[in-house]
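Results of the structural survey
Spelled out from the first residue to the last, the chains are:
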Amino acid sequence: MKKGSASLVMMLILVFVLSACSSGGSNSAEGGKGEKVKLTFSVWGDVNSGADEVKLAEEFNAAHPDIEVKFEPIPSEGYGTKLTTSLAAGQAPDVFLVGEGDYYKYVDKGVIEPLDDYLSKDTSFNLDIFQKDLIENMKIEGKQYYLPKDFNPLALWYNKRMFDEAGIPYPTDEWTWDDMIATAQKLTKKDGNKYTQFGFNAGKWEYPIYTYLWDYGTDIANEDGTAAEGYMNSEKTIAAMDKYVSWSQGDSRVSPTPLDSETLGGDSSMFMTDKLAMMITGRWIKGDLDKSDVQYGSALIPQNTDGTRSSIIASAGWAINAAGKNKEAAYELVKWLSGTDAQKLRSANGKVLPATVKELDEVKAKEVADKPVIEMMDYAKKPVTMRSTNGPVFVEEFTKALEKVLLGKQDVKGALDEAAKNVDSKIK
Amino acid sequence: MRNSKSERAGYWFILPWLVGLLLFTIGPMLFSLLLAFSKWDIITGVQSIEWVGLDNFKTMFHDELFYQSLKVTFIFALVSVPLYQVASLLIALLLNMRNKGMKFFRLIYFMPSIIPAVAASMMWIMIFNPEYGILNRALALFGVQGPAWLQDPSYALGALIVMGLWGVGNTIIIYLSGLQGVPEELYEAANLDGAGPFQRFFNITLPMISPTVFFNVIMGIIGGFQYFTQAFVMTNGGPLNSTLFYNLYLYNKAFTDFEMGYASALSWVLFIIILAFTLLVIRSSSMWVYYQGDNEKD
Amino acid sequence: MMNQATTRKPVYSKLFSMLILIAGAAVVLIPLLWTFATSLKTPAEVFKDDFFPAVWMWSNYKNAVLAIPFFTFLKNTLIILIPVLVGTVFSSALCAYGFARFNFRGKRTLFLVLLATMMLPSQVTMIPMFIMFKEIGWVDTFLPLIIPAFFGGGAFNIFLIRQFMRGIPRDLDESAFVDGANKMQIFMKIMLPLSMPPLIAVSIFTFMGVWNDFQGPLIYLNSSEKYTLALGLSMFKGLYNVEWNMLMAATMLIMLPPLIVFFVAQKYFIEGISISSAIKG
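Residues numbered from 1 in each chain as written. Chains lettered and ligands numbered in written order. Predicted model: local features only at pLDDT ≥ 70, side-chain atom pairs only at ≥ 80, totals over all residues. Heavy atoms only, no water.

1. Side note on the overall build of chain A
Within chain A, the regular secondary structure consists of 19 helices and 11 strands. Across the 428 residues of chain A, 59% fall into the buried class. Of the roughly 17,400 Å² of accessible surface on chain A, a fraction of 51% belongs to carbon and sulfur atoms. (Helix = DSSP H or I, 4+ residues; strand = E, 2+ residues; numbered from the N terminus. Buried < 20%, exposed > 50% of the residue type's maximum accessible area, 1.4 Å probe, protein only. Areas by Shrake-Rupley, 256 points an atom, 1.4 Å probe, with all protein chains shown as cover.)

In structure tokens, the structure reads:
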């Protein structure tokens, strides 16, 4: 064999492989079937709910002979990476799903197409059909950018068996935070030195903490997210957080520390194994709860003594790629994917709530467990991550401060003062 | 003899790599070098790349997390490289025995490398569980109160180092394949001279596998400084940034904060650090690496 | 010169070695046992303390295979795997030979460049590479995942094989040369066969790499009918919930082929060819 012939053999194999593979692969950007406009849309992957989207795509294609859409699910843990990479190369899907924590981020960079022009020209489609707080959440700085796919309001979840065992009445709509903590204390039990169960989870996750702070008339940032000083470390915030932290420390505590909840499997698994009586979390937990044998109920998140009540809605919204080539068609798709029929299809098995008012009312009338969850939507407010591009900086510093306090490394005032200072210097 | 016609045949043999380098590797590397001096928020596409000169490096100089991540990564690399090398060599020596059952043992020790990272991380989160995890339960048998591992800023990094030990299967395989290259006759001759196991190891085995050690140490350094996946899945840099590995910090800067320029600058700094350490090892190699096939220095 | 002491020692040291091995194996196995146990649980049991499930739900395995297009994903993984395996082994061996046995100008520098290509974190080269492949139209095909394997198969592999080759005595090359063989023939007839241990190691690593590769297929493949097993596995992490038991069942299934490959392959590089017999033959 000649010297260079090995390399030539390699090239030959290459040619083989190339021809074999390019017949199998196809470039989805190519046109080819007449005049049809081709669109792709993506969500993050789920073994079970992907089927709904496939069905919706088929129905859309049948109803729109001049458009052909393809559904391309992406695995959840790679969604962000893939979306970022494909946006960088100008290769992103025409329509894609965005989680509420990222709403602001993508709009701020200008990669989401605002929908207002399309909506004003469209006489057949009206935003009134949607729950107003939900649709409001999807407006950034006055413009509508997203339409709802599904959503999960936060509510108070309680373990009925644990309440029954202790002979305590279930949470009521009038409950204040103090009422809840008082009950939680009755439900926190020790066996010698070890806790066998806790009343309430006062954890590190900022969403429940937001509802608590808002009830007390304060927040970690000012309205447009430009200042932390005087908000993250205001007297009200410090006082509220002092109380919050005390719930997971000391002899009269009712909550597992982050350490405990990792120990005992995280708050939802503690809840499901009757080790945690109450927690504030989103409706997504229902899927897991229904699969286990826990007996649960949902209630309104407690209010302040002065009647202030707040909540957060976690949601996923459909967005049109601002760099897409067929935005008109994409708008039709987005309407379809968020409209009444889509909402009905997705909520048919009770796993998600419909975003349209009419369907929501029907669910409220029938489902006991969902009634408080749906009602909580009326109190929804926007966290700083949905009000400002600086949002993530606030959350990062706040969480870090909280972590330090919970690990016993700093007191609340010191940690929050430092955090506020850090935020302000970073967002300059 | 250097660069004679027959020696130049070497170019033909490395041609595939050279071509691949030009086609696939150099381009992206140069692009990222460019990005190190630019500002780019990625999702707006290539048209928004903006030259900023040395700004990224100036920011780095004052970036507290840059230093933190360097510290975490250095500690990890400097502890794990020797630890993993010694451990995997010892195990490889044991697994090199020619018994019947060894097949299964080799399989067992290699299994961790087969498990997808996510599943492995979940397992280890359970193991490190302070109350119910096996690790602390085992320590309790000896009367030792185990720490909170992944929840404790002082121990989280240590936990990850321990966990890495479980996954040295690849290194073991490489040592095993290196051990195969040691000629039997050398051992036979040593036995005839009455050499004990230690003498055999230090005078025959070690020198003969020094090329393999060279490989594993360099790869250990390169890999150690680029440690990412487990930290990403298990701790995301916490608690309190005690496991904020350099590569993780870099990744977050790029994909969460959309600061690709800064991330690229960070990556080139890492490049220089790794290159420096590697050169050190290469320079020292003439003193301890022995190639049976030739007399060339690396 | 054998005396009592030397005959007794081997027995103790063997026993000691076995003990260590067994202890280590136990440590290594426990996490795996947990995965197996979880794969047989019902969703409710996943969160409970008991190590083993009450009822062993083998049906999880059937469901895991049915829930996703398991065999399509398997086929896709193989479409990538086989060319990559072939390409990597051959091209890395070729390049390693070039670095190991030839003394051409710039070799030292080029070798350093080879090592240097591994020093830049892939997180930053990932996007430029993607843009490049997009420009030549290879996105949503298997090509970006296969073609690079033919161009050296990776610096890691070239480096590994090169180290081993430099340990093979030149006498063999020289005697073959004297017999009239050219460099290529020396490569094919002497170096390749003698390099079985690292070649098998490279094969195993390449197999594992492709089998478990998540990020490559993630960013280059758009159509879900082209997805590989690694991507399919992560579909068990849903919109909001994780199906732990199914995820673990699928994980166990996916681990099976690499295990089998390794078990078979180790015969070839452990009880490998000894250099001495090659010299004699």
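Having seen the structure, we can now continue with the description.
2. Considerations on a nonpolar patch on the surface
Together, L33(C), F51(C), F52(C), W56(C) and W58(C) line one region of the surface with nonpolar side chains, adding up to about 510 Å² of accessible area. F51(C) gets classed as partly exposed once you look at its relative accessible area, which sits at 32%. (Patch = residues over 30% accessible without salt bridge, like charges linked within 9 Å, V, L, I, M, F, W, Y side chains within 5 Å. Salt bridge = Lys/Arg side-chain N within 4 Å of Asp/Glu carboxyl O.)

3. Here's the deal with the confidence of the model for chain C
Residues and elements named next belong to chain C. Mean pLDDT over chain C works out to 83, with 86% of the residues at or above the 70 mark. Confidence drops under a pLDDT of 50 for residues 1-8, and excluding neighbours within four residues, the segment shows zero contacts in the predicted structure. Below a pLDDT of 50 lies the segment residues 272-281, which in the model reaches 11 contacts outside its immediate sequence neighbourhood of four places, other chains included. Here the prediction assigns the complex a pTM of 0.87, and the interface score ipTM is 0.90. (pLDDT = per-residue confidence, 0-100. Contact = heavy atoms within 4.5 Å.)

4. Brief notes about the nonpolar core
Judged by nonpolar contacts, the single largest core of 331 residues is most densely connected at Y106(A), Y146(A), F200(A), M232(A), M278(A) and F187(C). Among the domains, domain 1 (35-152 + 314-377) and domain 2 (159-313 + 383-427) of chain A are the pair contributing at least three residues each to this core. (Core = buried A, V, L, I, M, F, W, Y, C linked by side-chain atoms within 4.5 Å. Domains from an automatic or database assignment.)

5. A closer look at the interface of chain B and chain A
Taken together, the 26 residues of chain B in the interface contact 24 residues of chain A. Summing both sides of the interface, chain B and chain A together bury roughly 2,400 Å²; the carbon and sulfur share of this comes to 67%. Considering only the side of chain B, the residues that lose the most area to chain A are I43(B), Q151(B) and L240(B), jointly responsible for 26% of the buried surface there. Our count for the contact surface shared by chain B and chain A stands at one salt bridge. K109(A) is paired through a salt bridge with D41(B); the nearest N and O atoms lie 3.7 Å apart. Linking chain B with chain A are three residue pairs in polar contact (both at pLDDT 80 or more). For the side of chain B that touches chain A, the secondary structure elements donating two or more residues are helix 1 (5-13), helix 2 (15-36) and helix 14 (246-255) of chain B. Looking at the side of chain B that touches chain A, its residues break down into 18 nonpolar, six polar and two charged. (Buried area = accessible area lost by both parts, 1.4 Å probe. Polar contact = N/O pair within 3.5 Å; in protein donor to acceptor, adjacent residues only side chain to side chain. Nonpolar A, V, L, I, M, F, W, Y, C, P; charged D, E, K, R; others polar.)

6. Observations concerning the interface of chain B and chain C
Contacts between chain B and chain C engage 95 residues on the former and 97 residues on the latter. Summed over both partners, the interface of chain B with chain C comes to about 9,000 Å²; 76% of that surface belongs to carbon and sulfur atoms. The largest per-residue losses of area from chain B upon contact with chain C belong to F13(B), W17(B) and F24(B), which jointly make up 10% of the total buried on that side. Applying the counting rule to chain B against chain C returns two salt bridges. As a salt-bridge pair, R166(C) and D294(B) come within 3.0 Å of each other at their nearest N and O atoms. Linking chain B to chain C there are 14 residue pairs in polar contact (both at pLDDT 80 or more). Of all the elements, helix 2 of chain B adds the most residues to the side of chain B that touches chain C, at 13 residues. Its residues assigned to classes, the side of chain B that touches chain C shows 65 nonpolar, 19 polar and 11 charged.

7. Here's the deal with the environment of N170(B)
With respect to the helices, strands and loops of the structure, N170(B) is situated in helix 9 (residues 169-180). Sequence-wise, N170(B) and L70(B) are 100 residues apart; in three dimensions their C-alpha atoms are separated by 26 Å. Not counting residues within four places of it along the chain, the set of residues in contact with N170(B) comprises F110(B), S113(B) and F205(C).

8. Focus: the pairing of strand 11 (residues 313-320) of chain A
Residue and element names in this part refer to chain A. Judged by how many residues are buried, strand 11 sits mostly within the fold: eight of eight residues are covered. Judged by which residues are buried, strand 11 turns out to be covered on both faces: I313, S315, G317 and A319 on one side and A314, A316, W318 and I320 on the other are all buried. Examined bridge by bridge, strand 3 (residues 95-99) and strand 11 share five bridges and lie antiparallel to one another. Along strand 11, the bridge assignment pairs L97 with W318. With six bridges connecting them, strand 6 (residues 147-159) and strand 11 associate as antiparallel partners. Following the sheet pairing, N152 is matched in strand 11 by A314. (Pairing = 2+ DSSP bridges.)

9. Comments concerning the domain arrangement of chain A
Residue and element names in this part refer to chain A. By the assigned domains, chain A splits into domain 1 (35-152 + 314-377) and domain 2 (159-313 + 383-427). If you look at the interface, domain 1 gives 24 residues, while domain 2 gives 18 residues. Carbon and sulfur atoms supply 60% of the area buried between domain 1 and domain 2, which totals about 1,900 Å² over both sides. When residues of domain 1 are sorted by the area they lose upon contact with domain 2, Y104, N152 and M376 head the list and together hold 36% of the total. At the junction of domain 1 and domain 2, the tally comes to one salt bridge. Elements supplying a minimum of two residues to the side of domain 1 that touches domain 2: helix 4 (103-108), helix 6 (132-137), strand 6, strand 11 and helix 17 (371-376).

10. Re helix 5 (residues 102-110) of chain B
The element helix 5 of chain B is extensively covered by neighbouring structure, given that seven of its nine residues are classed as buried. The set of residues buried in helix 5 of chain B consists of M102(B), F105(B), R106(B), L107(B), I108(B), Y109(B) and F110(B).

11. Describing the packing of aromatic side chains
Per the stated rule, a full pass over the model turns up 75 aromatic pairs over all chains. Centre to centre, the rings of W268(B) and F271(B) are 4.9 Å apart; their planes meet at 50°, and the pair counts as tilted. Here F271(B) and W268(B) lie together in helix 15 (residues 260-288), a separation of three residues that amounts to about one turn. The exposure classification of W268(B) matches that of F271(B), with both residues buried. In textbook terms, an aromatic cluster arises when at least three aromatic residues are bridged by ring pairs, as seen for Y11(B), W17(B), F214(B), F215(B), W288(B), F99(C), F104(C), F111(C), F156(C), F159(C) and F205(C). (Phe/Tyr/Trp six-rings, centres within 6.5 Å; stacked < 30°, edge-to-face > 60°.)

12. Some remarks on the environment of Y79(A)
All names here are of chain A. Relative to the helices and strands, Y79 resides in helix 3 (residues 79-88). Along the chain, Y79 and Y103 lie 24 residues apart, while their C-alpha atoms are 15 Å from each other. Discounting residues that sit within four places of it in the chain, Y79 has contacts with S42, V43, W44, I74, F96 and L97. Here L97 takes part through its backbone oxygen, which lies 2.6 Å from a polar atom of the side chain of Y79.

13. Notes on the environment of P83(C)
If you trace the backbone, P83(C) turns up in helix 3 (residues 70-101). Distance in space between the C-alpha atoms of P83(C) and I147(C) is 8.5 Å, their sequence separation being 64 residues.

14. Considering the pairing of strand 8 (residues 194-200) of chain A
Residues and elements named next belong to chain A. Counting buried residues in strand 8 gives five out of seven residues, a clear majority hidden from the surface. Pairing of strand 7 (residues 189-191) with strand 8, which is carried by three bridges, proceeds in the antiparallel orientation. Paired with K189 across the two strands is Q197, which belongs to strand 8. Linkage of strand 7 to strand 8, two consecutive antiparallel strands, is achieved through a turn of two residues, within which G192 is found at a positive phi near 75°.

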